[in-house]
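Each chain is listed here by its residues.
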Amino acid sequence: RIKLPSGLSHLEESLKKSLRARCERGKVDGTVTLATEDSGQSGLVINKVALERYAPVVRQVAETLGQPVQLTFGDLVNSREPILSSAWVSLKETVEGLIDEAFKQAVEALAAMRREEGQALARDLRERSALLRSHIAAIAPLTEDLPKHYARKLRDHLARLTEGALPMEERIAQEIVMFAERCDVSEELARFTTH
């Protein structure tokens, strides 16, 4: 979204187009504000042609009503053909050129910032990926003989509990197979390596 001062909304589409050329995705908000270089000036000028057209009408209304017509500052600014307008209107081409140049600089700065951010994120992702690979490398050997270790521990534990009289070997084998299925992480390790 680009907010432009009144009278310059016709620039919006071309500014958006140049922004889209540099940014394929994301939301960008921009505001163009015009200010005079000399802070002592109001930045407003009188539209003499419009004022000269309105003056006789205001006099006629006053004569018809038999009393003076009170015009406010808001009336002058908000009339159909503004009597007060921004000083930059007389410098329209210059102002449009300055806006275009400032906008190009802002878009370049945005693109540079996004490049830096992308590079920082890429570095971070590479570091995290390397850390995860080292964890996977440490985990993989530990998972190879889990069923054997579990079978040994199960038999030892059952031997202590039953004072040497082990239950049927078939039942122990079933328990070991169920454990082997639950603790098999080879698929997860392969998936991690792939991604």
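Look a little higher up for the structure.
All values derive from a computational prediction rather than experimental measurement. (Residues numbered from 1 in each chain as written. Predicted model: local features only at pLDDT ≥ 70, side-chain atom pairs only at ≥ 80, totals over all residues. Heavy atoms only, no water.)

## Examining the overall build of the protein chain
Okay, step 1: Secondary structure assignment for the protein chain yields 7 helices and 4 strands.
Okay, step 2: From first element to last, N terminus to C terminus, the protein chain shows the α and β order β-α-β-β-α-α-β-α-α-α-α.
Okay, step 3: Scored against the burial criterion, the 195 residues of the protein chain give a buried share of 16%.
Okay, step 4: Across the protein chain, every contact between residues at least 6 apart in sequence was considered, and the portion connecting residues at least 24 apart equals 73%.
Okay, step 5: Of the roughly 15,400 Å² that the protein chain leaves accessible, carbon and sulfur atoms contribute 56%. (Helix = DSSP H or I, 4+ residues; strand = E, 2+ residues; numbered from the N terminus. Buried < 20%, exposed > 50% of the residue type's maximum accessible area, 1.4 Å probe, protein only. Contact = heavy atoms within 4.5 Å. Areas by Shrake-Rupley, 256 points an atom, 1.4 Å probe, with all protein chains shown as cover.)

## Remarks on the pattern of salt bridges
Okay, step 1: As enumerated under the stated definition, the model contains 7 salt bridges in all.
Okay, step 2: In this structure, the salt-bridge partner of R128 is D124, at a minimum N-O distance of 2.7 Å. Placement of the pair is R128 and D124 together in helix 4 (residues 92–144), with a separation of 4 residues, close to one helical turn.
Okay, step 3: With a relative accessible area of 51%, R128 lands in the exposed category.
Okay, step 4: A relative accessible area of 31% means that D124 is categorised as partly exposed. (Salt bridge = Lys/Arg side-chain N within 4 Å of Asp/Glu carboxyl O.)

## Quick look at the layout of surface pockets
The method is simple in principle: a probe with the dimensions of a water molecule rolls over the atoms, and the space it marks as empty is what remains.
Okay, step 1: Each pocket or cavity is described by its volume, and for the second largest pocket that value is around 240 Å³.
Okay, step 2: Lining the second largest pocket are 15 residues, and of these G30, T31, A102, F103 and A106 lie nearest its centre.
Okay, step 3: Of all elements in the fold, only strand 2 (30–31) and helix 4 reach the threshold of two or more residues within the lining of the second largest pocket.
Okay, step 4: The dominant element in the lining of the second largest pocket, judged by the number of residues it contributes, is helix 4, at 6 residues.
Okay, step 5: The residue makeup of the lining of the second largest pocket, split by class, is 11 nonpolar, 3 polar and 1 charged. (1 Å grid on protein atoms, 1.4 Å probe; cavity = no way out; pocket = protein on both sides within 12 Å on 5 of 7 lines; lining within 4 Å. Points joined across faces, edges and corners; volume = space filled by probe spheres on them. Nonpolar A, V, L, I, M, F, W, Y, C, P; charged D, E, K, R; others polar.)

## Some points on the nonpolar core
Okay, step 1: Ranked by size, the top nonpolar core spans 12 residues in total: I2, L4, L8, L11, L15, L19, C23, V32, V95, I99, F103 and V107.
Okay, step 2: Elements supplying a minimum of two residues to this core: helix 1 (12–22) and helix 4.
Okay, step 3: Counting residues in hydrophobic clusters, the runner-up holds 5 residues, among them A151, L158, I172 and I176. (Core = buried A, V, L, I, M, F, W, Y, C linked by side-chain atoms within 4.5 Å.)

## Section: the environment of A180
Okay, step 1: Structurally, the position occupied by A180 is in helix 6 (residues 169–183).
Okay, step 2: A180 sits in the partly exposed class, given a relative accessible area of 23%.
Okay, step 3: Residues A180 and Y150, 30 residues apart in the sequence, show an inter-C-alpha distance of 8.5 Å.

## Considerations on helix 4
Okay, step 1: The terminal C-alpha atoms of helix 4, which comprises 53 residues, lie 76 Å apart, in line with the 78 Å expected from a rise of 1.5 Å per residue.
Okay, step 2: Taken together, the buried positions of helix 4 are occupied by V95, I99, F103, V107, A111 and I136.
Okay, step 3: If you follow the buried residues of helix 4, they end up packed against strand 1 (2–3), helix 1 and helix 7 (186–194). (Expected span 1.5 Å × (residues − 1).)

## Some remarks on the packing of helix 5 (residues 146–161) against helix 6
Okay, step 1: The N-to-C vectors of helix 5 and helix 6 enclose an angle of 140 degrees; their axes lie 9 Å apart at closest approach. Between helix 5 and helix 6, the angle falls in the class oblique. Regarding helix 5 and helix 6, the two cross each other, and that crossing is right-handed. On helix 6, the residues that touch L146, P147, Y150, A151, L154, R155 and L158 of helix 5 are E169, I172, E175, I176, F179, A180 and C183.
Okay, step 2: Split by residue class, the contact of helix 5 with helix 6 holds 11 nonpolar, no polar and 3 charged. (Axes fitted to C-alpha atoms, helices over the stretch in contact; angles between N-to-C directions. Parallel < 35°, antiparallel > 145°, perpendicular 65-115°, else oblique. Left-handed = near helix turned anticlockwise from the far one by under 90°.)

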